[in-house]
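The chain contents come next:
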Amino acid sequence: MKYRTSPLFYVTKPRFCIGLLGLERDNSETMPADEASGLITQGGMMDGLLRIFIADDHPFTLAGVRAEIERAGEALEVAGEASNGAALLTLLEESRPGDLLVTDFSMRGPQLRDCDGLPLLLTLRRQFPSLPIIVLTDLDNPAMLRAVVDAGARGLVDKASARDELLTAIQRVASGRIHFCRAMRTMLDHAGALDGPQVHMSPHEAEVVRLFVTGLSVSEIAARLSRSVKTISRQKNDAMHKLGLDNNCQLYAYARDHGLTP
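These figures come from a predicted structure and were not determined experimentally.

S.K.: Give a description of the sheet that holds strand E2 (residues 76-82) that names residues and reports values.
M.R.: Read across the open sheet, the six strands follow the order E2-E1-E3-E4-E5-E6; overall the sheet is parallel. Both edges of this open sheet fall to E2 and strand E6 (179-180), since each of them pairs with a single strand only. Of the pairings in the sheet, the one linking strand E1 (residues 50-55) to E2 comprises six bridges and is parallel in character. Counted as the bridge partner of phenylalanine 53 is glycine 80 from E2.

S.K.: Describe in detail helix H5 (residues 142-150), supporting the description with residues and values.
M.R.: With seven of nine residues buried, H5 lies mostly within the body of the structure. Looking at H5, one finds that the buried residues are Pro142, Ala143, Met144, Leu145, Ala147, Val148 and Val149. Looking at the residues trailing H5, positive phi occurs at glycine 152, about 115°.

S.K.: Can you lay out the packing of helix H3 (residues 85-94) against helix H4 (residues 117-127) for me, pointing to particular residues and giving the numbers?
M.R.: At a minimum axis distance of 11 Å, the contact between H3 and H4 shows a crossing angle of 10°. In terms of axis orientation, H3 runs roughly parallel to H4. Between H3 and H4, the residues in contact are Gly85, Leu88, Leu89, Leu92 and Glu93 and Leu120, Thr123, Leu124 and Gln127, respectively. Considering only residue class, the contact of H3 with H4 consists of five nonpolar, three polar and one charged.

S.K.: Pulling in residues and values, what's your account of the nonpolar core?
M.R.: With 52 residues, the main nonpolar core has Leu124, Val148 and Leu156 as its most contacted residues. Examining the composition of this core, we find that six residues originate from one element, helix H8 (residues 203-213), more than from any other. Contact partners of leucine 124, with chain neighbours within four places excluded, come to Leu88, Leu89, Leu92, Leu101, Pro129 and Ile133. Counting residues in each nonpolar core, the second largest holds 18 residues, with Val65, Ile69, Val102 and Leu166 among its members.

S.K.: Before we move on, could you go through the packing of aromatic side chains and cite the residues and values that matter?
M.R.: Under the defined criterion, the tally for this structure stands at one aromatic pair. When the centroid spacing of 5.9 Å and the interplanar angle of 20° are considered together, the rings of phenylalanine 212 and tyrosine 252 count as stacked. Taken together, the positions of phenylalanine 212 in helix H8 and tyrosine 252 in helix H11 (residues 248-257) put the pair 40 residues apart, joining distant regions of the chain. The exposure class assigned to phenylalanine 212 is buried, which follows from its relative accessible area of 9%. The exposure class of tyrosine 252 is partly exposed, given its relative accessible area of 35%. A cation over an aromatic ring shows up here: lysine 236 above the ring of phenylalanine 212, its NZ or CZ 4.7 Å from the ring centre.

Basis of the calculations
- Here, residues in each chain are numbered from 1, in the same order as that chain's written sequence.
- The predicted nature of this model means local features are confined to residues of pLDDT at least 70 and side-chain atom pairs, given and counted, to a pLDDT of 80 or more, with totals for whole chains, interfaces and linings taken over all residues.
- Water and hydrogen atoms play no part in the side-chain values, which are based on all heavy atoms of the structure.
- Two strands make a pair as long as DSSP finds a minimum of two bridges between them.
- Labels follow the DSSP assignment, with helices taken as runs of H or I lasting at least four residues and strands as runs of E lasting at least two, numbered in each case from the N terminus.
- With a 1.4 Å probe rolled over the protein chains alone, any residue whose accessible area is under 20% of its type maximum counts as buried; one over 50% counts as exposed, and the rest are partly exposed.
- Angles run from 0 to 180 degrees between N-to-C directions of axes, and those axes are lines fitted to C-alpha atoms, restricted for helices to the stretch in contact.
- Angle categories: roughly parallel below 35 degrees, roughly antiparallel above 145, roughly perpendicular from 65 to 115, and oblique for all the rest.
- Whether two residues touch is decided by their heavy atoms; if any such pair falls within 4.5 Å, the residues are in contact.
- In this classification, Asp, Glu, Lys and Arg are treated as charged, Ala, Val, Leu, Ile, Met, Phe, Trp, Tyr, Cys and Pro as nonpolar, and every other residue, Gly included, as polar.
- Put simply, a nonpolar core is a bunch of buried Ala, Val, Leu, Ile, Met, Phe, Trp, Tyr and Cys residues held in one set by side-chain atoms that sit within 4.5 Å of each other.
- The aromatic pairing rule takes the rings of Phe, Tyr and Trp, using the six-membered ring of Trp, and pairs them if the centres are within 6.5 Å, calling planes under 30 degrees apart stacked, those over 60 edge-to-face and the rest tilted.
- Whether a charge lies above a ring is judged from NZ of Lys or CZ of Arg, which has to be within 6 Å of the ring centre and within 35 degrees of the ring normal.

Next up, the structure:
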């Protein structure tokens, strides 16, 4: 079923635009907000209010996600907000249970050991196994996207998607289905066939690279991931070798071009 075209909600990091923008749609199948509430029960969702937790370290993005959820009407409610992994875990522990979580992938907290990325997703799956998770991100690294799915994400939404993509993902994930936006599904579907070296980087190596290019040292990464300095150093060097990179400058450039930087 095709839904009519509606105004777009365009989000990137760090840029953020909200409004009636004449941007090209993502080719994913999406629904306008005024139809979303009518599909809440048709898709198998709960008949009552759907309580959604949201998390992102950029206030504008967080505000945009909240606005999209509120745009759907009385069927959806923002149950709580968090700006980093530690705050999100505390929020979930102290709040009454919600029905779904929409979270960013990379969210640096105030403390070195505050988890984000894969460690956060794994912690969420362990502590809140019944909470469905949609990851809202601009990652375009196939190895990392596969790791996100393996860590328990039920939905993947590109921050450059059309504004109604998020509501579509919420409707489908809350009804027990999996939803990947078209761009990320294409990357996952073709990951094994790509010739680019990033396909061969392991999820652990990709996570080390992601943290390294955010400014953390090898020792700080080791402390954050509870691994030895030797292990982190080896994983960083292995990643650079697989990518054909000779120095940290090249590593930063690679991370920037492949969506591993925040």
